[in-house]
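Structure assessment
Chain residues, written in single-letter form:
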Amino acid sequence: MTTTLVKPSQFLPEGICIKRIKNLILFKFTDKLGERMQELLDKNKLDTLTPEEAIELEAIGELDDIFSYINAAIDAQHHVHS
C-alpha cells in the first residue's frame, strides 16, 4: 500500500481565503476546509482515521499553524504601528 504525501500547499487555491477583521486582513480557512478539518479531528478523537486521513489532517494542521503565525505577526505589526 502506498500512502500519498499531502502537501499543505495543495489546499491554497480552494481552502484559503483572506478576510478583513476589524482593520486587519487575515488568512482564514474557507468553510469547506474548516469543516473538513473538524471532521478529521472528530474521527481522530474516535480513533477512526484512515492512514490517508491522518496525513491529510497533518497537512491541514501544518497550514493552520503557518496561518496562525502569520496572522499573529500581522496583528503584532498592527499594534506596533497603531
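Structure shown above.
Below: a short report on this structure. (Residues numbered from 1 in each chain as written. Predicted model: local features only at pLDDT ≥ 70, side-chain atom pairs only at ≥ 80, totals over all residues. Heavy atoms only, no water.)

Comments concerning the packing of aromatic side chains
Taken as a whole and assessed by the stated rule, the structure comprises one aromatic pair. Plain terms: the ring middles of F27 and F67 are 5.1 Å apart, the flat faces sit at 5° to each other, and that makes the pair stacked. Remark: F67 occurs in helix α3 (residues 51–80) and F27 occurs in strand β2 (residues 24–29); sequence separation between them is 40 residues. Relative accessible area serves as the criterion here: at 8%, F67 is assigned to the buried category. (Phe/Tyr/Trp six-rings, centres within 6.5 Å; stacked < 30°, edge-to-face > 60°. Helix = DSSP H or I, 4+ residues; strand = E, 2+ residues; numbered from the N terminus. Buried < 20%, exposed > 50% of the residue type's maximum accessible area, 1.4 Å probe, protein only.)

What to know about helix α2 (residues 31–45)
Helix length check: α2, at 15 residues, gives a terminal C-alpha distance of 21 Å against a target of 21 Å (1.5 Å per residue), a fit within 8%. Of all the positions in α2, only L33, M37 and L40 are classed as buried. Seen along its axis, α2 keeps its buried residues to an arc of 65°; they face one direction. Among the exposed residues of α2, those pointing more than 90 degrees away from its buried face are D31, K32, E35 and K45. The elements touched by buried residues of α2 are α1 (12–15), β1 (16–21), β2 and α3. Phi for D47, located one or two positions after α2, is positive at around 60°. (Expected span 1.5 Å × (residues − 1). Arc of directions from axis to C-beta. Contact = heavy atoms within 4.5 Å.)

A closer look at the nonpolar core
Nonpolar side chains in soluble globular proteins tend to be buried together. Among the nonpolar cores identified, the biggest contains 12 residues, and these are V6, F11, I16, F29, L33, M37, L40, L57, A59, I60, L63 and F67. Counting residues per element, the ones that place at least two in this core are α2 and α3. Among the elements that make up this core, the one with the highest residue count is α3 (five residues). Residues in contact with V6, not counting those within four places in the same chain, are F11, I55, E56 and A59. (Core = buried A, V, L, I, M, F, W, Y, C linked by side-chain atoms within 4.5 Å.)

So, the side chain of E53
Position of E53 among the secondary structure elements: in helix α3. Residue class for E53 comes out buried when judged on its relative accessible area of 11%. Non-local contacts of E53, meaning those with residues more than four positions away in its chain, are made with R36, L40, K43 and T48.

These figures capture arrangement, not role.
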